[in-house]
Amino acid sequence: NNEVADLFIDGDSKAIQAGRSVIVAECEDFDLSSNKAWLETLKSPIYHQGELAGVLGFTRDIAKHKAAEQQLMLAACVFENAVEGVLVTDENGVICDVNQAFTQITGYELSEVLGKKPSVLSSGRHTKQFFSKMWNTLLVNGKWHGEIWNRRKNGTVFPQTITLSAVYGEDNC
């Protein structure tokens, strides 16, 4: 098949021009058991004594990676389109992301709160003991739900019903 041969030659050429391993194709196909599979083809130029000796091609099933990618895209879509404000912090309590609803509710863009702590929203109406108890509950139970007074960018104080959830990675942090 000339079309397949042309694809192979094109992939080889891309690897040779890049001078390194390159992904030349990604396609949905079927494996030997007629199950749907996502295949990725990688081409690598092979050199012997500084001269091009050929091109080595690898094809592997990346179905698990594709499924994970689709789940991440779905989660990102849900995050961005939620009507509730969402604020994400790292394990040190530093803000690493917010959604559009958070910006509409508080007036803060991501760029204004990125790298800061959620205390940037503090209304001054709660005691240290309140926050201590809230964070302790979050650490012990993995969740805290309640009402809190926060401050918008424009200075207005407003009540919020919030849920805090601890989400851990594979290494539990």
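As the structure is a prediction and not an experimental result, all values here were calculated from the model.

## Digging into the overall build of the protein chain
At step 1: When you go through the protein chain residue by residue, the secondary structure sums to five helices and seven strands.
At step 2: Rg of the C-alpha trace for the protein chain: 25 Å, well past the compact-globule value of 16 Å for 173 residues, more than 25% over.
At step 3: In terms of overall dimensions, the protein chain has a C-alpha envelope of 70 × 40 × 30 Å along the principal axes.
At step 4: A buried classification covers 21% of the 173 residues belonging to the protein chain.
At step 5: Element-wise, carbon and sulfur atoms account for 54% of the exposed surface of the protein chain, whose accessible area totals about 12,500 Å².
At step 6: Averaging the positions of the 16 positive and the 22 negative side-chain charges in the protein chain gives two centres separated by 14 Å.

## Quick word on a nonpolar patch on the surface
At step 1: A surface patch of nonpolar side chains, about 310 Å² in accessible area, is lined by V4, L7 and F8.
At step 2: With respect to the helices, strands and loops of the structure, L7 is situated in helix 1 (residues 2–18).

## Section: helix 5 (residues 128–141)
At step 1: In this model helix 5 runs 20 Å from its N-terminal to its C-terminal C-alpha over 14 residues, within 8% of the 20 Å that 1.5 Å per residue would give.
At step 2: The positive-phi residue at the C-terminal boundary of helix 5 is G142, with phi of around 80°.

## Points about unusual backbone geometry
At step 1: Here the phi dihedral of Q49 falls at roughly 55°; this positive angle occurs in a residue that is not glycine.
At step 2: By the secondary structure assignment, Q49 is in the loop between strand 2 (36–48) and strand 3 (51–61).
At step 3: You can call Q49 exposed: its relative accessible area is 74%.

## Considering the sheet that holds strand 1 (residues 22–30)
At step 1: Pairing is antiparallel in the open sheet, where three strands are placed in the order 1-2-3. Edge positions in the sheet fall to strand 1 and strand 3, since each of these pairs with one other strand and no more. Averaged over all pairs of adjacent strands, the angle between their axes in this sheet comes to 20°, without regard to strand direction.
At step 2: Bridge analysis of strand 1 against strand 2 gives eight bridges, and the strand direction is antiparallel. Paired with V22 across the two strands is K43, which belongs to strand 2.
At step 3: Packing against the sheet, helix 1 makes contact with strand 1, strand 2 and strand 3, and its axis sits at approximately 50° to strand 2.

## Re the pairing of strand 5 (residues 95–98)
At step 1: With three bridges connecting them, strand 4 (residues 87–89) and strand 5 associate as antiparallel partners. When the bridges of strand 5 are listed, L87 appears paired with V98.
At step 2: In this structure, the hairpin formed by strand 4 and strand 5 is closed by a connection of five residues, where G93 is found at a positive phi of approximately 80°.

## Section: the environment of V94
At step 1: Along the chain, V94 falls in the loop between strand 4 and strand 5.
At step 2: With relative accessibility at 23%, the residue V94 sits in the partly exposed group.
At step 3: Once the C-alpha coordinates of V94 and I105 are considered, the two residues, eleven residues apart in sequence, prove to be 19 Å apart.
At step 4: For V94, the residues in contact, after removing those within four places along its chain, are V88, T89, G115, K116 and K117.

Criteria and thresholds
- Residues numbered from 1 in each chain as written.
- Predicted model: local features only at pLDDT ≥ 70, side-chain atom pairs only at ≥ 80, totals over all residues.
- Heavy atoms only, no water.
- Helix = DSSP H or I, 4+ residues; strand = E, 2+ residues; numbered from the N terminus.
- Rg over C-alpha atoms; globule rule 2.2 N^0.38 Å.
- Buried < 20%, exposed > 50% of the residue type's maximum accessible area, 1.4 Å probe, protein only.
- Areas by Shrake-Rupley, 256 points an atom, 1.4 Å probe, with all protein chains shown as cover.
- Lys, Arg positive; Asp, Glu negative; His and termini not counted.
- Charge placed at Lys NZ, Arg CZ, Asp CG, Glu CD.
- Patch = residues over 30% accessible without salt bridge, like charges linked within 9 Å, V, L, I, M, F, W, Y side chains within 5 Å.
- Salt bridge = Lys/Arg side-chain N within 4 Å of Asp/Glu carboxyl O.
- Expected span 1.5 Å × (residues − 1).
- Pairing = 2+ DSSP bridges.
- Axes fitted to C-alpha atoms, helices over the stretch in contact; angles between N-to-C directions.
- Contact = heavy atoms within 4.5 Å.

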